[in-house]
Amino acid sequence: MTSKERVRLALSKQKPDRVPAAFNAVGSVTKKLLKHYGLTNAQLMDKFEIDIYNTGAKYIGPELKNYVDDKGRKITSSYWGFEKTLHETEIDSYGITTRFPLKGLDTIEKIKENYTFPKAEWFDYSTITKFCEDNPDKAISIGHPGPFQMVTNLMPMEDFFILMYDDPETAQYILDKMVEFELAHYEQCFIAGNGKIDILRTCDDYGTQISMLFSSEMWEEFFKENTQKLVNLAHKYGAFFQQHSCGAIRPIIPNLIECGVDALDPVQKVCGLEIDSLAKEFDGKLTFHGGVDTQWLLPNGTPEEVAKETTHIINTLGKNGGYILMASQAFEPDVPIANIEAVYSVSRVPQ
């Protein structure tokens, strides 16, 4: 069975020959693994028998301003118009948004006068065509941060929350314009993929460790219709739709299923996402992705403990198919290599 066949069976809530595996790690971890094994990126994916490969279009739009500020910090710009300042620690580096292009633009009129949303023609989609041709047996995934994740880079999160309450029309206008771009952009991706793209995955973190960031009623008001549009686009091109959202989002899982979402990631050790109850309530309705805990187990457990928990997750969420193996988040620098190996050693066991 090829990776593409294996993943598509799992996303169809059927049981493949073995659980399919995905891989996500912060840059420093990937570099550490490549150096440790003396491998290339492709060889590393082969070593762990990774079934899902990610690709995207190449940006060719207006020049982006990247520079070093007067404090020696690296500043990067996005085609969305926000800027991030790079902070480096002994463990890793990360960017913090320091310029919000919609900050203070609290009416539709101000936004129209002062901001330009991205355009689909700002990208070269031939990169996707070549990637799909070069990896015919792999499951191919596309996608980037979704409207809620991205809007918190366009304006401070608290400002957008206030807008949702005080001026829902303006808040909805921003989200709709973002999704208008995404629909045009992803459609060009699917056309370039020529039927070879398997997954559209958008990333929106709707939850915290203990609850939703806002009510499920507000999710329905602001996000349900646009989620449905993105799902419909994926299905139009024979692909599956995978919703990423960190946090305790159990209250909206029925809404996601109603929208036709095929898969949800990640499964974290947070309130409401206990794997036994997820399997009991949603078996056959949703494919789950991830679950091997990156907060406590992977940094602190032994390889034997990691393998045992990973086996339990596979046997519970993947009992009847409908599960893709990954950690609950990207592998961080505090995860020992032996524990990463333990996760993927279990995936090789036939189901």
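The rules behind the values
All residue numbers refer to positions counted from 1 along the written sequence of the respective chain. Confidence filtering applies because this is a predicted model: local features only for residues at pLDDT of at least 70, side-chain atom pairs given and counted only at 80 or more, and all residues used for totals across whole chains, interfaces and linings. Side-chain metrics rest on all non-hydrogen atoms present in the structure, leaving aside hydrogens and water. Each helix is a run of H or I in the DSSP string that is no shorter than four residues. Each strand is a run of E no shorter than two, and both are numbered from the N terminus. When accessible area is computed with a 1.4 Å probe and restricted to protein chains, residues below 20% of their type maximum are described as buried, those above 50% as exposed, and intermediate ones as partly exposed. Throughout, a residue-residue contact means that at least one pair of heavy atoms, one from each residue, lies within 4.5 Å. To measure how exposed things are, a 1.4 Å probe is used in the Shrake-Rupley method; for residues, cover is taken only from the protein chains shown. By this definition, two strands are paired if DSSP reports at least two bridges between them. To get an axis, a line is fitted to the C-alpha atoms, and for a helix only the part in contact is used. The angle between two axes follows their N-to-C directions and goes from 0 to 180 degrees. For classification purposes, an angle smaller than 35 degrees is called roughly parallel, one larger than 145 roughly antiparallel, one from 65 to 115 roughly perpendicular, and anything else oblique. Definitions for this section: a left-handed crossing has its near helix turned counterclockwise from the far helix by less than a right angle. A right-handed crossing has that turn clockwise. Under the grouping applied here, Gly and all other residues not named as nonpolar or charged are polar, the nonpolar ones being Ala, Val, Leu, Ile, Met, Phe, Trp, Tyr, Cys and Pro and the charged ones Asp, Glu, Lys and Arg. By construction, the arc corresponds to the directions joining the helix axis to the C-beta atoms. The rule for a salt bridge is simple: a side-chain nitrogen of Lys or Arg has to be within 4 Å of a carboxyl oxygen of Asp or Glu.

Chemist: What is the right way to look at the overall build of the protein in this model?
Modeler: Regarding its fold elements, the protein presents 15 helices and 13 strands. If you line up the protein on its principal axes, its C-alpha atoms span 60 × 45 × 40 Å. Across the 351 residues of the protein, 53% fall into the buried class. Sequence separation of 24 or more characterises 72% of the internal contacts of the protein that already satisfy a separation of 6 or more. As presented, the protein carries roughly 16000 Å² of accessible surface, and 51% of it is formed by carbon and sulfur atoms.

Chemist: Hey, could you run me through the sheet that holds strand 13 (residues 323-324) in this one?
Modeler: Backbone-to-backbone hydrogen bonds join strands into a sheet, with any given pair of strands oriented parallel or antiparallel. Strand order across the open sheet formed by 7 strands is 1-8-9-10-11-12-13, with parallel pairing between neighbours. Strand pairing shows two members of the sheet lacking a second neighbour, strand 1 (52-54) and strand 13, which therefore form its edges. Judged from the 2 bridges that link them, strand 12 (residues 287-289) and strand 13 form a sheet pairing that is parallel. Paired with His289 across the two strands is Ile324, which belongs to strand 13.

Chemist: What exactly am I supposed to notice about the packing of helix 12 (residues 275-282) against helix 14 (residues 303-317) here?
Modeler: For any two helices packed against each other, the geometry comes down to the angle between their axes and how far apart the axes lie. Remark: helix 12 packs on helix 14, axes separated minimally by 9 Å, with the N-to-C direction vectors making an angle of 15°. Comparing the axis directions of helix 12 and helix 14 gives the class roughly parallel. The way helix 12 lies across helix 14 gives a crossing that is right-handed. Across the interface between the two elements, Ile275, Asp276, Leu278 and Ala279 of helix 12 pack against His312, Ile313, Thr316 and Leu317 of helix 14.

Chemist: Help me out: how do you make sense of unusual backbone geometry in this one?
Modeler: Excluding glycine, most residues fall at negative phi; most peptide bonds, likewise, are trans. Between Asp265 and Pro266 the backbone carries a cis peptide bond, its omega angle lying at -5°. Note on placement: Pro266 falls in the loop between strand 11 (263-265) and helix 12. The phi angle at Lys13 is positive, at roughly 65°, despite the residue not being glycine. Residue position: Lys13 is located in the loop between helix 1 (3-11) and helix 2 (27-37). Given the relative accessible area of 21%, Lys13 is considered partly exposed. Look at Glu49: it is not a glycine, yet its phi comes out positive at around 55°. On the secondary structure map, Glu49 appears in the loop between helix 3 (41-47) and strand 1. Here Glu49 falls in the partly exposed class, since its relative accessible area comes to 29%.

Chemist: Even after reading the chapter, I still don't get the packing of helix 8 (residues 168-193) against helix 10 (residues 224-236), so can you show me in this structure?
Modeler: Relative orientation of the contacting elements helix 8 and helix 10 amounts to 5°, with a least axis distance of 10 Å. Put simply, helix 8 runs roughly parallel to helix 10. Residue-level inspection shows Gln172, Leu175, Asp176, Val179, Glu182, Leu183, Tyr186, Glu187 and Phe190 of helix 8 in contact with helix 10, the latter providing Asn226, Lys229, Leu230, Leu233, Ala234 and Lys236. Grouping the constituent residues of the contact of helix 8 with helix 10 by class yields 8 nonpolar, 2 polar and 5 charged.

Chemist: In this structure, what is going on with helix 7 (residues 157-166)? I would like to understand it.
Modeler: Every α-helix carries 3.6 residues per turn, so stepping three or four residues along brings you back to the same face. Taken together, the buried positions of helix 7 are Phe160, Leu163 and Met164. Looking down the long axis of helix 7, one finds its buried residues gathered within 100° of arc, a one-sided arrangement. Summarising the geometry of helix 7, the exposed residues directed more than 90 degrees from the buried face are Glu158, Tyr165 and Asp166.

Chemist: I would appreciate a short explanation of the pairing of strand 8 (residues 139-142) in the present structure.
Modeler: When a strand is regular, its side chains alternate between the sheet's two faces. Alternating positions in strand 8 separate into two faces, Ala139 and Ser141 on one and Ile140 and Ile142 on the other, with burial throughout. Bridge analysis of strand 1 against strand 8 gives 3 bridges, and the strand direction is parallel. Of the residues in strand 8, the one forming a bridge with Tyr53 is Ile140. Across 2 bridges, the pairing between strand 8 and strand 9 (residues 199-203) is parallel. The residue bridging Ser141 from the neighbouring strand is Ile199, located in strand 9.

Chemist: How should the pattern of salt bridges be read in this particular structure?
Modeler: Where charged atoms from two side chains of opposite charge approach closely, those side chains can pair. All chains considered together, the criterion is met by 18 salt bridges. Across the salt bridge formed by Arg73 and Asp69, the nearest N and O atoms sit 2.8 Å from each other. For Arg73, a relative accessible area of 31% translates into the label partly exposed. Here Glu258 ties to Lys224 by a salt bridge, and the two come within 3.0 Å at their closest N and O atoms. Pair noted here: Glu258 is in helix 11 (residues 253-259) and Lys224 is in helix 10, with a separation of 34 residues, a long-range link. On the accessibility criterion, Glu258 (56% relative accessible area) is exposed. With relative accessibility at 16%, the residue Lys224 sits in the buried group.

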